[in-house]
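Observations on chain architecture
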Amino acid sequence: MALAGCGGHPKDVLTPVADTSPQSPKVDMLIATTRTRSTVPGEMFNGERALAPAFADMTISIPPSKVRKEGQVAWPKRLPSNPATDFATVRADDLNVDEAKKWLSASVRKTPDGSVLVFIHGFNNRFEDAVYRFAQIVHDSSVHSAPILVTWPSRGSLLAYGYDRESTNYTRNALETLFQYLAKDPEVKEVSILAHSMGNWLALESLRQTAIRNGRLPEKFKNVMLAAPDVDVDVFRQQIADMGKKHPQFTLFVSRDDKALAFSRRVWGDVSRLGAIDPEQAPYKKELEDNKIMVIDLTKIKSGDSMNHGKFAESPQIVQLIGQRISEGQTLTDSHVGIGDQILVATTGAATAAGNVAGLVLAAPVAVIDQDTRDNYATHVGTLAGTSGTQPAAAAVKHCAEGRPTPNCTR
């Protein structure tokens, strides 16, 4: 396991590079985020919460198919990125609100049907994860809609589950504002929404708010795809009811062996998560039929995703069901889950993911297994110790790896 966890890719990869591979496909996307702007070169936005939404226009170069399999992000092995072999940022411009509206107007006019695709990522995603994953989705699916990435403040760590969940609540109003603008823009004829994991909570809450404020959801909101939704099944019932009878076509991807959702169920008081229900069992079967919700059960589908949290996109047959409209061949599994993170989730339970001190002490021995786990552990030690940065915590993890006990590390 230690050998398996020694991989990874450079961080802060978003510094624009020269387009040295002009034949490589490009994806131009609009970013709408409630993250804080970063002072770190190549990061752009970090995992903290901003006082107001920000916008950006980014162009991502995708390497040719001969060097990359569909459904995969070709992360650079070293910096700067090489557009011939890697996903590479070739443009990253900050936009104000008016400039973002102009971008949207120009991009929608280029589409054949005036459509927009809004993607909302899940738990445990850094900004760069969300950007490159969405670029891969847009390219591999051959979607012709104007792509909008909604990225909310995630600290990119399994240990930050509580913080990430509250960040989705923090972002609800901003996403509703975007939905309201798309609803009123006469150039936008159709809106599709793709959400993954915890991002489903944000999508559903914002749709609910929009419906309540307007009396119904806009007719141009045609298709909402809920991939492995980390949503309380009882709350989902109320959310759907609040949206009214005339709601978009919902497509629900479930898998009863989703380990991430099983863990989430323990965190939330043993209430079923929407993405892990058995759609053939009562009361779910009738409720789904009554609300005309299409369900795709992926429980028997084999996956290379150890958490079984994004496997719906790894089967060609399932991908064909999604079709060219939205997503084809995407692996939406959250990134940066270290081997040590998986061990501590399996062995120390919800307390560790909540980020308490006792859990972190238990986690210290496995935090040295791979770089992602070390980074995640260091961040949380620093947060709980009240430090403004991660240097002291990183030193503690280093000491632990070297067998030198510290107040944050026991052997």
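Residues numbered from 1 in each chain as written. Predicted model: local features only at pLDDT ≥ 70, side-chain atom pairs only at ≥ 80, totals over all residues. Heavy atoms only, no water.

Considerations on the overall build of the protein chain
- The secondary structure content of the protein chain amounts to 13 helices and nine strands.
- Long-range contacts, defined here as pairs at least 24 residues apart, represent 76% of the contacts in the protein chain between residues at least 6 apart.
- Total accessible area computed for the protein chain in this model is approximately 17600 Å², and 54% of it derives from carbon and sulfur atoms. (Helix = DSSP H or I, 4+ residues; strand = E, 2+ residues; numbered from the N terminus. Contact = heavy atoms within 4.5 Å. Areas by Shrake-Rupley, 256 points an atom, 1.4 Å probe, with all protein chains shown as cover.)

Comments concerning the environment of Arg155
- Within the fold, Arg155 resides in the loop between strand 5 (146-151) and helix 3 (161-184).
- C-alpha separation for the pair Arg155 and Asn125, spaced 30 residues apart in sequence, amounts to 6.9 Å.
- A distance of 3.0 Å separates a polar atom in the side chain of Arg155 from a polar atom in the side chain of Glu48. (Polar contact = N/O pair within 3.5 Å; in protein donor to acceptor, adjacent residues only side chain to side chain.)

A closer look at helix 4 (residues 199-214)
- Relative to the 22 Å expected for 16 residues at 1.5 Å per residue, helix 4 spans 23 Å between its end C-alpha atoms, a close match to the ideal helical length.
- When you tally the buried positions in helix 4, you get twelve out of 16 residues, the bulk of the element.
- Buried within helix 4 are the following residues: Gly199, Asn200, Trp201, Leu202, Ala203, Leu204, Glu205, Ser206, Leu207, Gln209, Thr210 and Ala211.
- A positive phi of about 90° marks Gly215, the residue just after helix 4. (Expected span 1.5 Å × (residues − 1). Buried < 20%, exposed > 50% of the residue type's maximum accessible area, 1.4 Å probe, protein only.)

Side note on the sheet that holds strand 9 (residues 294-297)
- What the nine strands build is an open sheet, ordered 3-2-1-5-4-6-7-8-9; its pairing is mixed. A single partner strand is all that each edge strand has here, and the edge strands are strand 3 (88-95) and strand 9. With direction set aside, neighbouring strand axes in the sheet form an average angle of 20°.
- Here strand 6 (residues 190-196) pairs with strand 7 (residues 221-227) via six bridges, running parallel. Each bridged residue has a counterpart across the sheet, and for His196 the counterpart in strand 7 is Ala227.
- Sheet strands in contact with helix 1 (residues 97-110) are strand 1 (26-37), strand 2 (45-61), strand 3, strand 4 (115-120) and strand 5, and its direction is about 125° off that of strand 3.
- With respect to the sheet, helix 2 (residues 127-141) is in contact with strand 1, strand 2, strand 3, strand 4, strand 5 and strand 6, its orientation differing from that of strand 1 by roughly 155°. (Pairing = 2+ DSSP bridges. Axes fitted to C-alpha atoms, helices over the stretch in contact; angles between N-to-C directions.)

Observations regarding the pairing of strand 4
- Summarising burial for strand 4: six of the six residues are buried, a large majority.
- Burial of the side chains of strand 4 extends over both faces: Ser115, Leu117 and Phe119 are buried on one face and Val116, Val118 and Ile120 on the other.
- Strand direction decides the pairing type here: strand 4 and strand 6, joined by six bridges, are parallel. In the strand pairing of strand 6, Phe119 is matched with Leu194.
- Taken together, the five bridges between strand 4 and strand 5 define a ladder with parallel strand orientation.

Points about the side chain of His247
- Here His247 is to be found in the loop between helix 5 (233-243) and strand 8 (249-254).
- A relative accessible area of 16% means that His247 is categorised as buried.
- Here Asn291 takes part through its backbone oxygen, which lies 3.2 Å from a polar atom of the side chain of His247.

Some details on the pattern of salt bridges
- Under the criterion given, the structure shown has 17 salt bridges.
- Linking Arg155 and Glu48 is a salt bridge whose minimum nitrogen-to-oxygen distance equals 3.0 Å. Of the two residues, Arg155 sits in the loop between strand 5 and helix 3 while Glu48 sits in strand 2, which places them 107 residues apart along the sequence.
- Overlapping salt bridges bring together Asp28, Asp57, Arg91 and Asp93 as one network. (Salt bridge = Lys/Arg side-chain N within 4 Å of Asp/Glu carboxyl O.)

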